[in-house]
2 protein chains.
Amino acid sequence: MSEIKFTYFNAKALGEVTRLLLKYAGIDFIDDRFPDEDWPKIKPNMPFGQVPALTVDGKTTNQSVAIARFAAKQAKHQSKVGSNDWEDLEIDAIVDTINDFRIKIQQYHYEPDAAIKEARKGPLFQETIPFYVKKFEEIAKKNNGYLAVGKLTWADFFFTGTIEYLNHMARVNLLEKCPNLQKVVQNVSSIPAVKAWLDVRPKTED
Amino acid sequence: MSEIKFTYFNAKALGEVTRLLLKYAGIDFIDDRFPDEDWPKIKPNMPFGQVPALTVDGKTTNQSVAIARFAAKQAKHQSKVGSNDWEDLEIDAIVDTINDFRIKIQQYHYEPDAAIKEARKGPLFQETIPFYVKKFEEIAKKNNGYLAVGKLTWADFFFTGTIEYLNHMARVNLLEKCPNLQKVVQNVSSIPAVKAWLDVRPKTED
């Protein structure tokens, strides 16, 4: 593959999963970060006005989950997709479920109306978060420290690359009482290529 | 593959894409529909309390988009996924974008608070819908009546299987001034196996 450019804010948020996967895959890419104030002039040139965006050989596409799946396939030495269609379905389903969970926390975090935000707080923290975290923890336990098909897949990278953003938005450590989900993060973070990236990546709040 | 069961409400909504793809693939499946009033007793047994759900050989998973992608891969005579990783990314990205569009219309349609619903109406109908429909139409034109990679893919099935639900929720014909998107729907609907299904499927409102 020729030049790969990954365009996003200077943030982990929806971008870090793909960065982790490209680093794991050992693929050189331009980590194209722009300051928040440049967004209005960048937005009209992005597909559907969205980032993250991936550009390969001059073609650009949006959609963070689709881009992460593509990045996962590029690790040719040990691709982190499934071994068959059903395994890929299991991986895709848990990834989309993590993404649903992210959207629910985000809808609370970015709500500009203080009264609406306050009204969402109870249901989010007393129902939605405990429900999802318990299910994810059960799945990680059943899969022995992984989130799908009993082995390391890009679903684990997806979770690891997203959890700091979720913790940041929820202002709690969501994994505090979840030893098996902590193991998921540890399994990804301890991979040498990933660890090397975690040590040198730009420090950002979200 | 042994027994396949697809569980959903008696509705097109988030289920019809997978039904179209399985019919296209010529795969026998149990079209497991339940009446709305049974949902409270079914929900606790579904993964993450969600449908549609797909059960294959006794294993069940949720997530409509992931299930549709799996169904697309099963058409072994002429699989409707991409020819390479980049093509799959293009298909996945447009599918996720159609899904984003669906969620935006849904957030309006199902809003229980009349004042909030009314406040969302203007932005949805004057900004969001025109923006997305124009972009989709441009993409369909560029791809000659398809939504990705210049040929029939499961993205076209995804659009065709979703558009009636979108029209139902928006209470307009979103494709009225979109000849190229009409062509997308026509390209899928005229496939004999699909047409045969459209003729016999249960008639439902959404």
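For every chain, the first residue of the written sequence is number 1, and numbering continues from 1 onward in sequence order. Naming scheme: in the order in which they are written, chains are lettered from A and ligands are numbered from 1. Local features in a predicted model are, by the rule used here, given only for residues with pLDDT of at least 70; side-chain atom pairs are given and counted only at 80 or more, and totals for whole chains, interfaces and linings are based on all residues. To obtain the side-chain values, all non-hydrogen atoms of the structure were included, while hydrogens and water were left out.

Caption draft 1: Local environment of the relation of the copies chain A and chain B. In superposing the copies, a least-squares fit is computed on C-alpha atoms, taking residues whose pLDDT is at least 70 in both. Its rotation angle being 180°, the transformation that places chain A on chain B also includes 0.0 Å of axial translation and leaves an RMSD of 0.0 Å. Each copy turns onto its partner about a two-fold axis. Residue Asp 96 of chain A, judged by its C-alpha, is the member of chain A lying nearest the rotation axis, at 5.1 Å. Contact between two residues is taken to exist if any of their heavy atoms lie within 4.5 Å; hydrogens are not considered. Both copies share a contact surface, since 100% of the interface residues of chain A are interface residues in chain B too.

Caption draft 2: Focus on unusual backbone geometry. Following Val 51 of chain A, the chain continues to Pro 52 of chain A via a peptide bond in cis, the omega torsion being 5°. On the secondary structure map, Pro 52 of chain A appears in the loop between helix H2 (39-42) and strand S3 (53-56). For Phe 48 of chain B, which is not glycine, the phi dihedral falls at a positive 55°. Think of it this way: any DSSP run of H or I at least four residues long counts as a helix, any run of E at least two long counts as a strand, and we number them from the N terminus. Mapped onto the elements, Phe 48 of chain B comes out in the loop between helix H2 (39-42) and strand S3 (53-56). Look at Arg 171 of chain B: it is not a glycine, yet its phi comes out positive at around 60°. Relative to the helices and strands, Arg 171 of chain B resides in the loop between helix H6 (154-170) and helix H7 (179-189). Residue class for Arg 171 of chain B comes out exposed when judged on its relative accessible area of 68%. For every residue, the accessible area (1.4 Å probe, protein chains only) is compared with the maximum for its type, and the residue is labelled buried under 20%, exposed over 50%, or partly exposed between those bounds.

Caption draft 3: Up close: the sheet that holds strand S2 (residues 30-34) of chain A. Residue and element names in this part refer to chain A. Two strands are said to pair when DSSP picks up at least two bridges between them. Pairing within the open sheet is mixed, and its 4 strands lie in the order S2-S1-S3-S4. The sheet is open, and its two borders are formed by S2 and strand S4 (59-61), each paired with just one other strand. Ignoring which end each strand starts from, the neighbouring axes of this sheet average 20° apart. Sheet analysis places strand S1 (residues 4-9) next to S2, joined by 5 bridges and oriented parallel. Bridge assignment links Tyr 8 to a residue of S2, and that residue is Arg 33. Fitted lines through C-alpha atoms give the axes, limited to the stretch in contact for helices. The angle between two N-to-C directions lies from 0 to 180 degrees. Contacts from helix H3 (residues 64-73) reach S1, S3 and S4 within the one sheet, and its direction differs from that of S3 by about 45°.

Caption draft 4: Inspection of empty space enclosed by the protein at higher detail. As defined here, a cavity is a set of points on a 1 Å grid over the protein atoms alone where a 1.4 Å probe fits but cannot get out. A pocket is an open set with protein on both sides within 12 Å along at least five of seven lines, and residues line them when an atom is within 4 Å of a point. Grid points are joined across faces, edges and corners, and a volume is the space filled by probe spheres set on the points. Under the defined criterion, the tally for this structure stands at 4 cavities of 30 Å³ or more. Residue lining of the largest cavity: Ala 13, Leu 14, Val 17, Thr 18, Ser 64, Ala 68, Ile 98, Asn 99, Arg 102, Phe 158 and Thr 162 of chain A, and that is the complete set. Where the lining of the largest cavity is concerned, the elements lending two or more residues are helix H1 (16-25), H3, helix H4 (85-109) and helix H6 (154-170) of chain A. For the lining of the largest cavity, the element with the most residues is H4 of chain A, which contributes 3 residues. Taken as a whole, the second largest cavity encloses approximately 60 Å³ of empty space. Lining the second largest cavity we find Ala 13, Leu 14, Val 17, Thr 18, Ser 64, Ala 68, Asn 99, Arg 102, Phe 158 and Thr 162 of chain B. Tallied by class, residues from the lining of the second largest cavity come to 5 nonpolar, 4 polar and 1 charged. Gly is placed with the polar residues, together with every amino acid not listed as nonpolar (Ala, Val, Leu, Ile, Met, Phe, Trp, Tyr, Cys and Pro) or charged (Asp, Glu, Lys and Arg).

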